[in-house]
Amino acid sequence: MSDQRVYNFSAGPSMLPLSALERAGSEITNYRGCGMSVMEMSHRSKVFLQIFQETQDKLRRLMQVPDGYQILFLQTGASGQFSMVPLNLIGRTGKADYAVTGNFAGLAFQEAKKYGQANLAASSQDAGFSYIPAQDQLKLDSQASYFYYCANNTIYGTEWPYLPQTGEVPLVCDMSSNILSAPVDVSKYGVIFAGAQKNMAPAGLTVVIIREDLAGHHLPFTPLMMEYQTMIDKQSMYNTPPCWCIYMLGLTLDWVEANGGLEGMERRKRLRAGMLYDALDGSRLFRCHAEKGSRSGMNVTFRTGSEELDAKFVSQAAQAGFVNLKGHRKVGGMRASIYNAMPVEGVEKLCDFIRAFDKAN
Ligand SMILES: *Cc1c(COP(=O)(O)O)cnc(C)c1O
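Now for a look at the structure at hand. Nothing here was measured: the structure is a model prediction, and the numbers come from that model. Counting from 1, residues in each chain are numbered in the order their sequence is written. Reporting of local features is limited, given that this is a predicted model, to residues whose pLDDT is at least 70; pairs of side-chain atoms are given and counted only at 80 or more, and all residues count toward the totals for whole chains, interfaces and linings. Note: side-chain values were computed over all heavy atoms of the structure, leaving out hydrogens and water.

Before going further, it helps to examine the site of the ligand. Around the ligand sit 13 residues, and of these Ser79, Thr154, Asp174, Gln197 and Lys198 come closest. Coverage of the ligand by the protein amounts to 85% of the 390 Å² it exposes when considered alone. Residues are grouped as follows: nonpolar covers Ala, Val, Leu, Ile, Met, Phe, Trp, Tyr, Cys and Pro; charged covers Asp, Glu, Lys and Arg; every other residue, Gly included, is treated as polar. Here the residues of the shell around the ligand sort into four nonpolar, seven polar and two charged. The nearness test applies per residue and asks whether one of its heavy atoms lies within 4 Å of the molecule or strand. Accessibility throughout is a Shrake-Rupley quantity obtained with a 1.4 Å probe, and a residue counts as covered only by protein chains that appear here.

Written out as structure tokens, the structure is:
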């Protein structure tokens, strides 16, 4: 089975560690002797509660989530957080700062305007979202309820190279596409959230890490299911949580732990991205979308300048076993998503393919 797998450069849902998939496969009809699948058991059962607790503990350990922070396992995707964040947080002062560095941050910004005064603290739209604004370009309001940014712009292929300094204003960060790819100091954040389908688990789970004191201040009309406090009080089980995805997250975290934790993930990230950008920079044909200094270690966006040649590259790559390299329609060209589960060897081989294509065309 495993030797027929392709190198899958999909932006999400995306590759999961093979060991996690194989483990899930081996347990799929009978989870560790209990006679049923994780998909078939009550979320209140002892067996599942143990899976839930262990998964949360593993995440807390790996990310070194400090006391005073809650880890929530929710649904409605990262996009659900575009509403949940302002509904719960903007009421403190009525306003919030947003850095719009790509598609998803833009959507979050538009959504927040419904619930308060959302200010544009920075934007890189003037250059096709090809860069991350510098600290001294951020227009910060010390009265903002929070400062919102997206740590890695999945579509445009940029990643914040620094932690924004906002004084007392809490940071809210969409880490959907780079969570678990390097250590982060959670204590510097108010809220971290991520849709699981990039670096953690199948689609359907949204992980939220929230400083406890930020919950409980939601706007009065906030739907019950969208109050952080509800989910904190009910330990993410106000209703049925995404059980299977939580189980899969646990298996992914086992793999992360066995591969050097977040330091190990960061080493591999640098190795993969370094090789790929070197191959592209060293070519005659290819240009990267993101500016140096803002380049993502997770989503590498590039193009030849000719749509025909881009299409030829994507189709020949697929024939050679490198699939899902077509860029997002907003950027065009190509995008190689090289998340945690992408083996270094997959990128090495893609680089060989890029060099051969460059020579032949
Ligand atoms: C994929 C992605 C989203 C959207 O996630 P959904 O779970 O589909 O809502 C939001 N932000 C970022 C950075 C993403 O990569």
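Whether two strands pair depends on DSSP finding at least two bridges between them. Counting from the N terminus, the helices are DSSP H or I runs at least four residues long and the strands are E runs at least two residues long. The sheet built from seven strands is open, its strands ordered S2-S10-S9-S8-S5-S3-S4 with mixed pairing. Two strands lie at the open edges of the sheet, namely strand S2 (69-74) and strand S4 (117-123), each paired on one side alone. Taken over all neighbouring pairs, the strand axes of this sheet differ in orientation by 15° on average, direction set aside. Across six bridges, S2 lies against strand S10 (residues 206-211) in antiparallel orientation. Across the sheet, the residue bridging to leucine 72 is valine 208, located in S10. In what follows, a contact means two residues having at least one pair of non-hydrogen atoms within 4.5 Å. Here an angle of 0 to 180 degrees is reported between the N-to-C directions of two axes, which are lines fitted to C-alpha atoms, with helices fitted over the stretch in contact. Across the sheet, helix H4 (residues 103-112) is in contact with strand S3 (95-100), S4, strand S5 (147-150) and strand S8 (171-174); its angle to S3 comes to roughly 160°.

What follows is about the pattern of salt bridges. Note on definitions: salt bridges are taken to be side-chain nitrogens of Lys or Arg within 4 Å of carboxyl oxygens of Asp or Glu. A complete count under the given rule lists 13 salt bridges for this structure. Notably, a salt bridge pairs lysine 58 with aspartate 254, separated by 2.7 Å at the nearest N-O pair. Of this pair, lysine 58 sits in helix H2 (residues 46-62) while aspartate 254 sits in helix H6 (residues 243-258), and the two are 196 residues apart along the sequence. Here the term buried applies to any residue with accessible area under 20% of the maximum for its type, exposed to any over 50%, and partly exposed to those in between, with areas from a 1.4 Å probe on protein chains only. Under the relative-accessibility criterion, lysine 58 is labelled buried at 11%. The salt bridge involving aspartate 281 is made with arginine 295; its shortest N-O contact spans 3.0 Å. One end of the pair, aspartate 281, is in helix H7 (residues 261-281); the other, arginine 295, is in the loop between strand S11 (287-288) and strand S12 (299-303), and 14 residues separate them in sequence. In this structure aspartate 281 comes out as partly exposed when scored by relative accessible area, which is 39%. Through salt bridges with shared partners, one network takes in Arg23, Glu27 and Arg32.

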